[in-house]
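Breakdown of the fold
What follows is each chain in one-letter form.
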Amino acid sequence: MKNLWYIWILWPSFLAAAIGNALFFTVFDPRDLVVFGEPVHASRLAIYSVGFLSLWLLTIASNLLTYFLQKSATELNLRSRDPERRHGDEGRPG
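These lines cover the structure that appears in this document, whether it is placed above or below. No experiment lies behind these values; they were computed from the predicted model shown. (Residues numbered from 1 in each chain as written. Predicted model: local features only at pLDDT ≥ 70, side-chain atom pairs only at ≥ 80, totals over all residues. Heavy atoms only, no water.)

**Observations concerning the overall build of the protein chain**
- A tally of regular secondary structure across the protein chain gives four helices and two strands.
- Mapped in sequence order, the helices and strands of the protein chain form the string α-β-β-α-α-α.
- Classification of the 94 residues of the protein chain by burial places 12% in the buried group.
- Partitioning the intrachain contacts of the protein chain with sequence separation of at least 6 by distance along the chain shows that 60% fall at a separation of at least 24.
- Accessible area of the protein chain: about 7900 Å², with a carbon and sulfur share of 65%. (Helix = DSSP H or I, 4+ residues; strand = E, 2+ residues; numbered from the N terminus. Buried < 20%, exposed > 50% of the residue type's maximum accessible area, 1.4 Å probe, protein only. Contact = heavy atoms within 4.5 Å. Areas by Shrake-Rupley, 256 points an atom, 1.4 Å probe, with all protein chains shown as cover.)

**Observations regarding the packing of helix 1 (residues 5-27) against helix 2 (residues 44-69)**
- Packing of helix 1 against helix 2 leaves a shortest axis separation of 7 Å and a crossing angle of 140°. Considering their axes alone, helix 1 and helix 2 lie oblique with respect to each other. Handedness of the helix 1/helix 2 crossing: right-handed. (Axes fitted to C-alpha atoms, helices over the stretch in contact; angles between N-to-C directions. Parallel < 35°, antiparallel > 145°, perpendicular 65-115°, else oblique. Left-handed = near helix turned anticlockwise from the far one by under 90°.)

**Describing the side chain of asparagine 21**
- Along the polypeptide, asparagine 21 turns up in helix 1.
- In this structure asparagine 21 comes out as buried when scored by relative accessible area, which is 13%.
- Setting aside residues no more than four positions away along its own chain, asparagine 21 makes contact with Tyr48, Gly51, Phe52 and Leu55.

**Regarding helix 1**
- Counted at 1.5 Å a residue, the expected span for helix 1 with its 23 residues is 33 Å, and the 34 Å between its end C-alpha atoms agrees.
- Residues Ile9, Ser13, Ala17, Asn21 and Phe25 constitute the buried set of helix 1.
- Tucked into the core, helix 1 has its buried residues touching helix 2. (Expected span 1.5 Å × (residues − 1).)

Laid out in structure tokens, this is it:
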């Protein structure tokens, strides 16, 4: 189960981005968007795609932070208990 962490991050963030994209573009028409005072000169599909990918990256970052904060101190410090890594000699040959 430990190797499935990326599914726990990517799938919920995909769903949240899809719902967020649908809600945003239900309210705002892509042709009416203005960025830095200039209208956006791109196709609707391009604007939908950029909006979805932006929301997906934002929700991935949010889910990664949640995943990190759910770990206990023991889990986070588990790597420092490895005797070869404890004294900072990762680069030295054995």
